[in-house]
Amino acid sequence: MKKILLALTPLLLLNAHFSNAHPEIELKNAFLAKGVNHQPRTKYFNDDKSPKYTNHLILSDAPYLLQHAHNPINWYSWSEEALEKAKVENKLIFLSIGYSSCHWCHVMEEESFDDEEVAKIMNKDFVAIKVDREVNPDVDATFMKISQMTTGGGGWPLNVFLTPMGDAFLTDTYIPKSKLVSNLPQIAEIWSNDSKKILDMANQNIEMMKVIEESQKKSKGIALNKDISEVAVKNLLSTHDEMEGGFGNAPKFPHEPILDFLLSSQSIDPSPEKKAAIIKSLDSMAIGGLYDVIGGGFHRYVVDNSWIVPHFEKMLYNQAQLALVYAKGYQLTRNPLYKRVAERTLDYVSREMTDDNGLFYSATDADSEGEEGTFFVWTADELKNLLSKADYQLALSLFDFTAYTEFEGKNVIRYKSLNQLNPDNYEKIDQLIEKIYQLRAKRIPPFKDKKHLLSWNAMMAKSFMQIGLIFDNKNYQDIGIKATSQMLSTFAKSDHLQRVNINNKTSGKALLEDYVFFIDALITAYDISKDDKYLQNSKQLASRMNNLFWDEEHYGYFMNEKSSALNSSVKQIIDDAIPSTNGIASQILVKLFNRTGEKKYQDLSTKLLGTFGNIINIDPYSYTSFVKANNMIKNGELGKVSYAYDGKVRIQHNFDESNNLNIKLDLEKGWNVNANVVLQDNLIPTSIKLTDSPNWGIAFIDYPEGQNKKLGFSEDSLSVYKETVDIK
């Protein structure tokens, strides 16, 4: 569907019509209740320096919505109240979706949303609704799908025109002010004089959405192809940038689900092509640009092919996924650089993105002092004036200050070469980095979004715990366990989960993504602590998840509970910035079966994998979380902790620095397994065998001695292991 071509017509400025569902005094009191920490973002102030305008967003606690609470546009949050207002007044809806650290959202805010000329038109003819995509990803996903379907793309801010009934008929991303003030009155005029044209466009979108939903339904019961993993790898490698690393072209995103899948696939079926793609991508990102060399952690994406100039916002979900990818990369290669990057990323989160209760903040902005990237970039002359001569010379030798790393007249801090980074130099490099970090800390920092999202917190907690296992770092494990326990206290209510916590207040119904990532974190906490409460909580939440989101007729999980506020229900199956929620659901069901032996989990995971089989089989590129779940069923789990005999035997392995493998078996009380040396010829001994002999070898195995014991089913003594068994 093409966008409406709107002719330019003279703009008639009309008096703003501010009609508030909440009395002005109520909005004013809500503003006063925010206290001194609430800083209005607007250019319009009264003589007493109070904001000239306060709209319905002041009733929210979400940082992104509060950024717009003093726009002259009479914004509402996504609510039944706003949608009902549009129906009653028969007004079109202008829906704008963004998030607090979005650079172009801020640009459009400054140009258009905090502008009285735009507000006069908007308030007269539209009901304006603001959505924080991080708080309401279901709303975002619904309209982003329409945008992609009708325009071939999407992004943020995502601006959508809806009928009074809430059906989308036109979408756009960033809209310059000149275009907005021209288009708004013309769209309103079409609605007044020829509403059928708009309704026909909305109905066309509805029909296209139905076609997509029907195609998903037809996949039900189709198993994944036997070679699905090999096909996925082939498709992924065909898009790998062999020169610069990563997948696809600029703007370049890290695509963590792809890297995670390739790492797991390399563990199952090693190949030089996969390993080369993994190493090239990890090396290219670690050198600096996407990766913040000075502070640790990663920006969201880069605008070039060489990972140099980032969009400078930092998102919690990137830290969670990339830290774990680098830790797994270290497992694969033993490259100390990867361990360093993972540790510095976790240390950044622990230092700057964690509150006193152990929960994690959502993001930091790209902008500071009104400009993008100001906080992060430097010139050589700036450092020359601030550092000692020796430190300055070291900085010149390490970092690239040429035009290659230039951004807005300054330079992104990036190493000249990875060859400079070896453990012998870490101490000297870290001393310099710490000095620059302290200098940077004196600058005005980007805005920090301090809301806690359950799904992102769960991803981050799992990352701390798993990396703690990989690096044998108990501090990281403890941080993850603490966060997981705090999530239980904060977000878990008697009969449901909540999604958002801001200023110690929780709100919003949890979505599927909250359930799947939280269950995954709880399972990881159980694996580490052996505390059964985490497993029991994960089982209870899985049951609730099935009741709330499972489609009994066509299978698969809906993204949200059925809601009258959205006219369609989305099943999220594509791996995007975070993995597919249905894909992660299939993985946690496999994990629950492995730990409990309860067949219902196995049956449901098989059913779920078959729900979208036809779609995934055609092109598994975007569905690697499903393929990974399928591999887990075929090959077992690849984590540091795994289970056998319906969870009765816990297996943990660790490589020491000399590449010696230590395997520890924990047997449930009352359980025994045969020792390595058995007393009867007809018994199968416990033994370690290689399944990948071309790539690995065993120099020696040290099995413990068994204990002789008579069991009820045998008159003879048996040599068995019980309780804890250590094999080296």
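These numbers come from a predicted model, not from an experiment.

A few words now on the overall build of the protein chain. A tally of helices and strands in the protein chain yields 24 helices and 24 strands. Here the protein chain has a C-alpha radius of gyration of 28 Å; the compact-globule value for 728 residues is 27 Å, and the two agree. Over its C-alpha atoms, taken along the principal directions, the protein chain stretches across nearly 95 × 70 × 50 Å. Expressed as a percentage of its 728 residues, the buried residues of the protein chain come to 56%. Across the protein chain, the fraction of contacts at a sequence separation of at least 24, relative to all contacts at a separation of at least 6, is 69%.

Next up on the list: the sheet that holds strand β18 (residues 641-644). Consider a sheet: its strands pair through backbone hydrogen bonds, and that pairing is either parallel or antiparallel. With respect to topology, four strands assemble into an open sheet ordered β18-β19-β20-β24, the strand pairing being antiparallel. Of all strands in the sheet, those bounded by a partner on one side alone are β18 and β24 (724-727). For this sheet the average axis-to-axis angle between neighbouring strands, irrespective of direction, equals 20°. Relative to strand β20 (residues 661-667), strand β19 (residues 649-655) runs antiparallel, the two being bridged by seven bridges. Directly across from F655, in β20, lies its bridge partner L661.

With that settled, the discussion passes to the sheet that holds strand β23 (residues 717-722). With antiparallel pairing, the three strands of this open sheet are ordered in space as β21-β23-β22. Of all strands in the sheet, those bounded by a partner on one side alone are β21 (672-674) and β22 (707-710). With direction set aside, neighbouring strand axes in the sheet form an average angle of 60°. Across four bridges, β22 lies against β23 in antiparallel orientation.

There is a patch of like negative charges on the surface, built from E369, E371, E406 and E408. By the secondary structure assignment, E406 is in strand β12 (residues 406-407). Taking the relative accessible area as the measure of exposure, E406 reaches 39% and is therefore partly exposed.

Before going further, it helps to spend a moment on the packing of helix α21 (residues 581-596) against helix α22 (residues 599-611). Packing of α21 against α22 brings their axes to within 8 Å, and their N-to-C directions diverge by 155°. Classed by the angle they form, the pair α21 and α22 counts as roughly antiparallel. Regarding α21 and α22, the two cross each other, and that crossing is left-handed. When α21 is examined against α22, the residues N582, A585, S586, L589, V590, L592, F593 and T596 are found in contact with a partner set consisting of K599, Y601, Q602, L604, S605, L608 and L609. Considered class by class, the residues forming the contact of α21 with α22 number nine nonpolar, five polar and one charged.

Our next topic: the pairing of strand β17 (residues 505-509). Two elements, strand β16 (residues 498-502) and β17, share four bridges in a ladder whose sense is antiparallel. Considered in β17, the bridge of N501 is made with T506.

We now examine the state of the cysteines. Here is the idea: a disulfide is a covalent bond, and it sits between the sulfur atoms of two cysteines. Throughout the structure, instances matching the rule amount to one disulfide. C102 shares a disulfide with C105; S-S distance 2.4 Å. Disulfide C102 to C105: torsion about the S-S bond roughly 80°, handedness right-handed. Among the residues examined, C102 registers a relative accessible area of 3% and is labelled buried.

Between W156 and P157 the backbone carries a cis peptide bond, its omega angle lying at 5°. Note that P157 resides in the loop between α6 (137-151) and β4 (158-162). Cis rather than trans, the peptide bond between A250 and P251 has omega equal to -5°. If you trace the backbone, P251 turns up in the loop between α9 (228-238) and α10 (256-268). In this structure, E369 is a non-glycine residue whose phi angle is positive, near 55°. E369 gets classed as exposed once you look at its relative accessible area, which sits at 52%. Of note in this structure, Y555 is not a glycine but carries a positive phi near 70°. Secondary-structure assignment places Y555 in the loop between α20 (532-549) and α21. Relative accessible area serves as the criterion here: at 22%, Y555 is assigned to the partly exposed category.

Here we come to the pattern of salt bridges. If you walk through the whole model with that rule in mind, you get 41 salt bridges. In this structure, K410 engages E382 in a salt bridge whose closest nitrogen and oxygen atoms are separated by 3.1 Å. Here E382 lies in helix α14 (residues 380-386) and K410 lies in strand β13 (residues 410-411), a separation of 28 residues in the sequence. With relative accessibility at 25%, the residue K410 sits in the partly exposed group. Notably, a salt bridge pairs D514 with R499, separated by 2.8 Å at the nearest N-O pair. On the criterion of sequence distance, the pair formed by D514 in helix α19 (residues 512-529) and R499 in strand β16 is long-range, its members being 15 residues apart. What makes D514 buried here is its relative accessible area of 0%.

Rules of the game
Residues numbered from 1 in each chain as written. Predicted model: local features only at pLDDT ≥ 70, side-chain atom pairs only at ≥ 80, totals over all residues. Heavy atoms only, no water. Helix = DSSP H or I, 4+ residues; strand = E, 2+ residues; numbered from the N terminus. Rg over C-alpha atoms; globule rule 2.2 N^0.38 Å. Buried < 20%, exposed > 50% of the residue type's maximum accessible area, 1.4 Å probe, protein only. Contact = heavy atoms within 4.5 Å. Pairing = 2+ DSSP bridges. Axes fitted to C-alpha atoms, helices over the stretch in contact; angles between N-to-C directions. Patch = residues over 30% accessible without salt bridge, like charges linked within 9 Å, V, L, I, M, F, W, Y side chains within 5 Å. Areas by Shrake-Rupley, 256 points an atom, 1.4 Å probe, with all protein chains shown as cover. Salt bridge = Lys/Arg side-chain N within 4 Å of Asp/Glu carboxyl O. Lys, Arg positive; Asp, Glu negative; His and termini not counted. Charge placed at Lys NZ, Arg CZ, Asp CG, Glu CD. Parallel < 35°, antiparallel > 145°, perpendicular 65-115°, else oblique. Left-handed = near helix turned anticlockwise from the far one by under 90°. Nonpolar A, V, L, I, M, F, W, Y, C, P; charged D, E, K, R; others polar. Disulfide = S-S within 2.5 Å.

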